[in-house]
Amino acid sequence: MKHTTNEPVMTPKTRVFVAGHNGMVGSAIARQLKQRSNIELILRSSAELDLTNQQAVQEFFAKEKIHQVYLAAAKVGGIVANNTYPAEFIYKNLMIEANVIHSAFKSGVKKLLFLGSSCIYPKHAEQPMKEETLLTGLLEPTNEPYAIAKIAGIKLCESYNRQYGVDYRSVMPTNLYGPNDNFHPENSHVIPALIRRFHEAKENGEKEVTVWGSGKPMREFLYVDDMASASIHVMELDNNTYQQCTDPMLSHINVGTGIDCTIRELAETVAKVTGFTGNVVFDTSKPDGTPRKLLDVSRLSRLGWQATTPLENGLGKAYEWFLANQTAIRQ
C-alpha cells in the first residue's frame, strides 16, 4: 500500500538575478519581486560582482544556477556626464550586457529582460517614436556612445534568440524618476535636478529659480515603480502573445505613459510639490535640446499594460524619498 502524507508539495522557487539592484530601476524591480512567494532573488552589488569582468560573471552564473535575469545594470548619467566620459559610457555598458547575456546563455538561462533607453532612436525621429524607427537615422551626438551600447544590447538579445532559441526580451523606457534616483547637482537628470534646486531655494529663502532654456521643449516622464511593473509584465507574457506583437529582428518594446508635458509645466509642478512659492525664470540663452521626445506605447498597450502614476503624484513620492534620504544624497 502506498504511503501518503498531508504535507504540502514544495514547489522550487524561481531563482531571479536582478543585475543593478541598487540602481533606481533595479531596486524598483527587486522591491516588486520580493513580494512574490515563488521567487528567490539573487542580488549582488557592484563591489561583490564586477559585471565588466568576464571571468567573474561566468563564475557567478555557473555557481548560482539562475533561472531568469533582469538586466538593469548600466553606467548612466545626464548630458554633462555623457559628454565628459563617452569612452566609459560605451565600454562599460557594452561589457556589462555582453558578459551578462553570454554568461546567462552559457549557464542555461532561458528568460532574460534587457532594459535599454529611449535615446536609441534617431535625433530627428518622427513623434511619437515607434519601435520601427530604430536605426533609421543619426543619433543625438551628446549620448551617442551610450545609445550605441543600448542598441547593441537589443541586438545581442535578438541574435541569441534567433541562433539558440532562448527567450531574451528588451524594453525601452522613457525618462524615469523616483526613489533611488541620482540627485547630484551636476550629473543628474532633469527631474532630480529640479527637485533639489527648488527644495534648496525654498530652504534658503530665495525669491526665484532659474531653469535652463525656454521651457518649451516637451518630455515624457515615467515613475520608476510603473517601469518595474511594466518590466515584470513583459517578462511574464506568454510566448504566443509576445511574438504576435513583436518581430524577431525588431523585438524591443517602448515603455512610457504616452503623455508628455513642457519643461515649463514640469518646473511649475516641481515648484508646487516642493512648496517653492517664488518665481520660476527661464534662461533662453541656454540650449533647449530636442523639441520633443515622446514614445509611441501602442505596442505595450496591446500587450495589456498601461502606466498608472500621474506625474504630480509621482513627483510627490520622489520628493518624499529625497527628503527622507538627504543625508546620504549630500555625501
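See the structure shown above.
Residues numbered from 1 in each chain as written. Predicted model: local features only at pLDDT ≥ 70, side-chain atom pairs only at ≥ 80, totals over all residues. Heavy atoms only, no water.

Caption draft 1: Geometry of helix α2 (residues 54-64). Among all positions in α2, only Val 57, Phe 60, Phe 61 and Glu 64 are buried. Within α2, the buried residues cover an arc of 90° as seen down the axis, which keeps them to one side. Seen from the buried face of α2, the exposed residues on the opposite side, beyond 90 degrees, are Gln 55 and Lys 63. Those residues of α2 that are buried lie in contact with β1 (14-19), β2 (39-42), β3 (68-71) and α4 (86-106). If you check the start of α2, you find a side-chain oxygen 3.1 Å away from the backbone N of Gln 55, and it comes from Asn 53. Within two residues after α2, Lys 65 carries a phi angle of roughly 55°, on the positive side. (Buried < 20%, exposed > 50% of the residue type's maximum accessible area, 1.4 Å probe, protein only. Helix = DSSP H or I, 4+ residues; strand = E, 2+ residues; numbered from the N terminus. Arc of directions from axis to C-beta. Contact = heavy atoms within 4.5 Å. Polar contact = N/O pair within 3.5 Å; in protein donor to acceptor, adjacent residues only side chain to side chain.)

Caption draft 2: Structural context of the pattern of salt bridges. Counted by the stated rule, this structure contains 16 salt bridges. Note that Arg 196 and Glu 200 form a salt bridge whose closest N and O atoms lie 3.0 Å from each other. Residue Arg 196 and its partner Glu 200 are located together in helix α6 (residues 190-203), separated by four residues, close to a single helical turn. On the basis of relative accessible area, Glu 200 is assigned to the partly exposed category, the value being 26%. For the salt bridge of Asp 283 with Lys 286, the shortest nitrogen-to-oxygen distance reads 3.2 Å. Within this structure, Arg 15, Glu 40, Arg 44 and Glu 64 form a network of salt bridges that share partners. (Salt bridge = Lys/Arg side-chain N within 4 Å of Asp/Glu carboxyl O.)

Caption draft 3: Geometry of the nonpolar core. If you look at the biggest cluster of nonpolar residues, it comprises 39 residues, and the most contacted ones within it are Phe 17, Leu 51, Phe 61, Val 69, Leu 71 and Tyr 168. Within the residue set of this core, elements represented by two or more residues are β1, α2, β3, α4, β4 (111-115), α5 (144-164) and β5 (167-173). Considering every element that reaches this core, the biggest residue donor is α5, with six residues. Excluding its chain neighbours within four sequence positions, the residues that come into contact with Tyr 168 are Ile 101, Ala 104, Phe 105, Val 109, Lys 110, Lys 111, Leu 112, Cys 157, Tyr 160 and Asn 161. In this structure, Ile 29, Leu 115, Leu 222 and Ala 230 belong to the second largest nonpolar core, which totals 32 residues. (Core = buried A, V, L, I, M, F, W, Y, C linked by side-chain atoms within 4.5 Å.)

Caption draft 4: Just the environment of Asp 181, in detail. With respect to the element layout, Asp 181 can be found in the loop between β6 (175-177) and α6. Take Asp 181: its relative accessible area is 12%, and that puts it in the buried class. For the pair Asp 181 and Trp 321, spaced 140 residues apart in the sequence, the C-alpha separation amounts to 9.3 Å. Once residues within four sequence positions are removed from consideration, Asp 181 is found in contact with Met 24, Leu 176, Pro 192 and Trp 321.

Caption draft 5: The arrangement of the packing of aromatic side chains in detail. In this structure the tally under the stated criterion is twelve aromatic pairs. With a centroid separation of 5.6 Å and 70° between ring planes, the pair formed by Phe 105 and Tyr 160 is classed as edge-to-face. Of this pair, Phe 105 sits in helix α4 while Tyr 160 sits in helix α5, and the two are 55 residues apart along the sequence. Here the aromatic residues Phe 183, Tyr 319, Trp 321 and Phe 322 are joined through ring pairs into a cluster of three or more. Sitting over the ring of Phe 89, Lys 75 keeps its end group 5.0 Å from the ring centre. Directly above the aromatic system of Tyr 242 lies the positively charged group of Arg 169, at a separation of 4.0 Å from the ring centroid. (Phe/Tyr/Trp six-rings, centres within 6.5 Å; stacked < 30°, edge-to-face > 60°. Lys NZ or Arg CZ within 6 Å of the ring centre and 35° of its normal.)

Caption draft 6: A look at the environment of Ser 159. Following the sequence through the fold, Ser 159 ends up in helix α5. Note on Ser 159: relative accessible area 34%, which makes it partly exposed. Separated by 89 residues in sequence, Ser 159 and Pro 248 place their C-alpha atoms 8.7 Å apart.

Caption draft 7: Here's a closer look at the packing of α4 against α5. At a minimum axis distance of 8 Å, the contact between α4 and α5 shows a crossing angle of 15°. As far as their axial angle goes, α5 and α4 are roughly parallel. As for the relative orientation of α4 and α5, their crossing is right-handed in sense. Of the residues in α5, those touching α4 at Pro 86, Phe 89, Ile 90, Asn 93, Leu 94, Glu 97, Ala 98, Ile 101, His 102 and Phe 105 are Pro 145, Tyr 146, Ile 148, Ala 149, Ala 152, Gly 153, Leu 156, Cys 157, Tyr 160 and Tyr 164. Partitioning the contact of α4 with α5 into residue classes produces 16 nonpolar, three polar and one charged. (Axes fitted to C-alpha atoms, helices over the stretch in contact; angles between N-to-C directions. Parallel < 35°, antiparallel > 145°, perpendicular 65-115°, else oblique. Left-handed = near helix turned anticlockwise from the far one by under 90°. Nonpolar A, V, L, I, M, F, W, Y, C, P; charged D, E, K, R; others polar.)

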